[in-house]
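Remarks on the overall topology
Letter by letter, the chains look like this.
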Amino acid sequence: MNYISLDLEFNGAFDFERGKQGVSDEACHHEVIQIGAVKMNEERDITEKFNAYVKPSIYPRLNPFISEVIKMKTSDFSSADGFEKAFTSFKKFLGSEDSVFIVWGDSDLPILYENISYYGLVREPLILRFINIQPYVGRLLGRDGGRQISLKNAVEQLGIETSEHYHNALYDAYYTAKIFEHIKPEGAELKIFCSNHYKNLK
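An account of the accompanying structure is given in this report. (Residues numbered from 1 in each chain as written. Predicted model: local features only at pLDDT ≥ 70, side-chain atom pairs only at ≥ 80, totals over all residues. Heavy atoms only, no water.)

Mapped onto the elements of the fold, I160 is located in the loop between α5 (151-157) and α6 (169-183). For I160, a relative accessible area of 13% puts it in the buried group. Put simply, I160 and F193 are 33 residues apart on the chain and 29 Å apart in space, counted from C-alpha to C-alpha. Leaving out residues up to four positions away in the same chain, I160 has contacts with V155, K178, I179 and H182. (Helix = DSSP H or I, 4+ residues; strand = E, 2+ residues; numbered from the N terminus. Buried < 20%, exposed > 50% of the residue type's maximum accessible area, 1.4 Å probe, protein only. Contact = heavy atoms within 4.5 Å.)

Another point: helix α2 (residues 83-94). It helps to recall that an α-helix has 3.6 residues per turn; residues three or four apart then point in one direction. For α2, built from 12 residues, the straight-helix expectation of 16 Å at 1.5 Å per residue is met to within 8% by its first-to-last C-alpha distance of 16 Å. Along α2, the positions that sit buried rather than exposed are F83, A86, F87, F90, F93 and L94. With its buried residues spanning 110° around the axis, α2 presents them on a single face. Along α2, exposed side chains directed more than 90 degrees from the buried face belong to K85 and K92. For α2, the elements touching its buried residues are β1 (2-11), β4 (31-40), β5 (46-53), β6 (99-103) and α3 (108-118). Of the residues trailing α2, G95 is marked for its positive phi of about 70°. (Expected span 1.5 Å × (residues − 1). Arc of directions from axis to C-beta.)

Printed below as a string of structure tokens:
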């Protein structure tokens, strides 16, 4: 079995004429523009990394708020592959071995599904096992009242060495993997993402 630490960066609608948030495509509110992943074995040793930038096409220009966060411009994606090719490469990276996804927060898997569904790349139902370690780490570090802790604050409080900036899917997946390796969360809840349930919630 493998653990796959997954992180995404994504773009959204923006009305550039009026300088405000635009109207989203109902079929895909958040367009994936980077897939970052780190593969770990059962001992939580990192064995492989994956990084793919994705050329935006649903929302061809980067939302300026997104651009500011990720420190990239629309032109930086001009030579990137489209989502279909990037996702095909990601599936090859995953391989056929049974995997549990490790995520920081509960949005990445639904957004990934939204994109693969938009491009017709998924066979129903899509069922994935995952552990969201954000709430577990928050409790471990004394966050009360269910308050979320940012990835950056968790890395700093756990004393994990940093060498790359945040809000990059590969680097955030790496830091999530290092947290998972560091805390060994045996009590973290294993959950199931099921596309049928997700569609019913939309």
